[in-house]
Structures are given as structure tokens and as C-alpha cells.
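# Observations on chain architecture
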Amino acid sequence: DQQVKQNSPSLSVQEGRISILNCDYTNSMFDYFLWYKKYPAEGPTFLISISSIKDKNEDGRFTVFLNKSAKHLSLHIVPSQPGDSAVYFCAAGSGSQGNLIFGKGTKLSVKP
Amino acid sequence: GAGVSQTPSNKVTEKGKYVELRCDPISGHTALYWYRQSLGQGPEFLIYFQGTGAADDSGLPNDRFFAVRPEGSVSTLKIQRTERGDSAVYLCASSSGGDSILNEQFFGPGTRLTVL
């Protein structure tokens with residue numbers, strides 16, 4: 001059973017608008033959450049993270065929101081740019097351990 | 001470049017053969033991770049090292065898979081008697097300052113393994 005779920009395999013957004021990518025998790029032991037971005041033929045690159053003691057973390061155009069009671073997090077990108085087109089992976093884990101659990105990813109397409 | 005490198009970038013082999021995949025982490029990074037990404041899936045954890053020792057190998061699917069990091073730097077993932085289901089992109093990542101996920105993991109480009 002998947003512990004980290006990204007239920008939307010793809011998302012298409014117009015340039016300049018907001019992109020919202022969603023992620024749900026089932027393991028209540030997770031206390032650290034990350035978003036990775038992946039271009040074709042490259043490894044994932046870290047984008048933004050959030051600890052379970054917070055409900056929001058912002059870095060430029062990227063904001064991650066965490067709703068612990070709903071076991072849900074989301075990544076907001078605003079304004080979206082064509083260069084943001086990539087696959088976005090949600091990942092989670094426990095700060096006391098090293099391994100990350102990834103979702104299946106959401107392919108974002110930002111159209112000019 | 002100073003990033004994580006993986007060789008080969010592509011490997012095609014026949015069912016039943018033995019393969020080795022190599023990972024060169026970022027210099028000075030003490031933690032090293034192996035993940036496997038099958039088509040349409042996210043990366044799946046296999047094993048991670050802190051220094052030379054395997055701190056957690058719970059993600060290795062069976063005893064055909066083995067990984068080493070003899071000098072605490074380069075790591076090799078070894079797969080015996082390959083099966084078609086082993087076909088995937090094998091990703092390596094490294095991080096500094098210990099093996100907590102609070103330390104950013106830097107990923108290499110991966111090795112695409114195809115078992116015919």
C-alpha cells in the first residue's frame with residue numbers, strides 16, 4: 001500500500017497562473033516532507049521542504065502547505081513559468097531516518 | 001562537475017546475467033543512497049550507507065541485490081541473475097552531515113537498466 005500518494009498524474013496550467021500540486025500520506029510517523037522536481041534524463045532535484053511543526057513554508061514562487069490532520073500537503077507555484085514544466089515528486093520521511101518515501105509524481109505542463 | 005555521477009548511463013543485459021552499477025557521490029558526503037525508479041513510479045528506496053557501512057538495507061527486494069561502499073566514497077550496486085522485472089532507472093544520491101533526511105539528498109542522473 002502506498003504511503004505517499006499523488007493522485008493526479010498530470011496537470012496543465014497557463015503561464016502566469018497558479019499551479020497547485022497535491023500529495024496525501026498515510027503514515028503518521030512522517031515528520032518531514034519534501035518536494036523534488038525532475039526533468040527528463042536527469043535526477044530529481046530538491047525544491048522545498050517542510051517540517052511537521054510548521055503548516056507553511058515559502059521560498060520565492062514556491063510555497064508548501066501542510067495539513068497534518070488531513071495528512072495532506074500541497075505545493076503552490078505562482079506565477080507559473082514554462083521552465084517549471086517537469087515531473088514533481090512529493091516525498092516524506094522521519095527525521096530520525098535516512099530513507100525517503102516518494103509518491104508517483106505529477107507531470108506539470110505550463111503553457112506559454 | 002561537482003555533482004553525483006553514475007556509470008554507465010545505460011546498461012542493456014540479458015536475463016540471468018550479472019550487472020554492476022557505479023555511483024560517485026559528491027566529495028565529502030558521508031551518506032549515500034540507492035533508489036530504483038520503475039516506469040510510472042516514484043523513486044523507491046533500496047539501501048543507504050553512512051560511511052562504509054549499510055545503515056539500512058531494508059529496501060533491497062531480495063538477495064540478488066547487494067551494494068558495497070568499501071572506502072566510504074564510491075558505491076557499487078550489484079545485481080545477480082538479472083530478471084526482466086529489474087528493468088528500471090537506478091538512482092544514487094548523497095548527502096552531507098549524516099544520514100537524516102533533514103540533510104538534502106543530491107541525486108545523480110541515474111543508470112537505466114534494461115534486462116532483455
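In short, a report on the structure.

The rules behind these values
Residues numbered from 1 in each chain as written. Chains lettered and ligands numbered in written order. Predicted model: local features only at pLDDT ≥ 70, side-chain atom pairs only at ≥ 80, totals over all residues. Heavy atoms only, no water. Pairing = 2+ DSSP bridges. Helix = DSSP H or I, 4+ residues; strand = E, 2+ residues; numbered from the N terminus. Contact = heavy atoms within 4.5 Å. Axes fitted to C-alpha atoms, helices over the stretch in contact; angles between N-to-C directions. Salt bridge = Lys/Arg side-chain N within 4 Å of Asp/Glu carboxyl O. Buried < 20%, exposed > 50% of the residue type's maximum accessible area, 1.4 Å probe, protein only. Core = buried A, V, L, I, M, F, W, Y, C linked by side-chain atoms within 4.5 Å. Buried area = accessible area lost by both parts, 1.4 Å probe. Polar contact = N/O pair within 3.5 Å; in protein donor to acceptor, adjacent residues only side chain to side chain. Nonpolar A, V, L, I, M, F, W, Y, C, P; charged D, E, K, R; others polar.

The next thing to look at is the sheet that holds strand 7 (residues 62-67) of chain A. Spatially, 1-3-8-7-6 (chain A) is the arrangement adopted by the five strands of the open sheet, whose pairing is antiparallel. Strand pairing shows two members of the sheet lacking a second neighbour, strand 1 (4-5) and strand 6 (56-59) of chain A, which therefore form its edges.

Let us now look at the environment of Gln-14 of chain A. Secondary-structure assignment places Gln-14 of chain A in strand 2 (residues 10-14). Here Gln-14 of chain A is in contact with Ser-80, Val-110, Lys-111 and Pro-112 of chain A, once residues within four sequence places are set aside.

To continue, consider the sheet that holds strand 1 (residues 5-7) of chain B. Residue and element names in this part refer to chain B. Judged by pairing direction, the sheet is antiparallel, and its four strands sit side by side in the order 1-3-8-7 without closing on themselves. In this open sheet, the two strands that pair with only one neighbour each are strand 1 and strand 7 (65-68). Neighbour-to-neighbour, the strand axes of the sheet open up by a mean angle of 15°, direction not taken into account.

Let us now look at the pattern of salt bridges. For the structure shown, the criterion picks out six salt bridges over all chains. Here Lys-56 of chain A and Glu-58 of chain A are joined by a salt bridge, their closest N and O atoms 4.0 Å apart. Lys-56 of chain A gets classed as partly exposed once you look at its relative accessible area, which sits at 41%. Overall, Glu-58 of chain A belongs to the exposed group, its relative accessible area being 52%. Across the pair Arg-64 of chain B and Glu-83 of chain B runs a salt bridge whose closest N-O atoms are separated by 3.6 Å. Of the two residues, Arg-64 of chain B is situated in the loop between strand 6 (53-56) and strand 7 and Glu-83 of chain B in the loop between strand 8 (75-79) and strand 9 (88-95); the sequence distance between them amounts to 19 residues. In this structure Arg-64 of chain B comes out as buried when scored by relative accessible area, which is 6%. A relative accessible area of 40% means that Glu-83 of chain B is categorised as partly exposed. The structure contains a network of salt bridges with shared partners spanning Arg-64, Glu-83 and Asp-86 of chain B.

Counting residues in each nonpolar core, the largest one holds 23 residues, and the members touching the most others are Phe-33, Trp-35, Leu-73, Leu-75 and Tyr-88 of chain A. Where this core is concerned, the elements lending two or more residues are strand 3 (19-25), strand 4 (32-38), strand 5 (45-51), strand 7, strand 8 (72-77), strand 9 (86-93) and strand 11 (106-111) of chain A. In terms of residue count, the dominant contributor to this core is strand 9 of chain A (four residues). Ignoring any residue separated from it by four or fewer positions in sequence, one finds Phe-33 of chain A in contact with Tyr-25, Ile-48, Ser-49, Ile-50, Ser-52, Leu-66, Leu-73, Ala-91 and Ala-92 of chain A. Val-19, Leu-21, Ala-88 and Leu-113 of chain B belong to the second largest nonpolar core, which has 20 residues in total.

With that settled, consider the interface of chain A and chain B. Interfaces are often described in size by the accessible area the parts lose on coming together. On the chain B side, the residues contacting the 20 residues of chain A number 20 residues. Around 1600 Å² of area is buried between chain A and chain B when both sides are counted, 61% of it from carbon and sulfur atoms. Considering only the surface of chain A that becomes buried against chain B, Gly-98, Asn-99 and Phe-102 of chain A emerge as the three largest contributors, covering 28% of it. Inspection of the region where chain A meets chain B yields zero salt bridges. Taken together, chain A and chain B are joined by two residue pairs in polar contact (both at pLDDT 80 or more). Those elements giving two or more residues to the side of chain A that touches chain B turn out to be strand 4 and strand 9 of chain A. Top contributing element to the side of chain A that touches chain B by residue count: strand 4 of chain A, with four residues. Of the residues in the side of chain A that touches chain B, the class split is nine nonpolar, eight polar and three charged.

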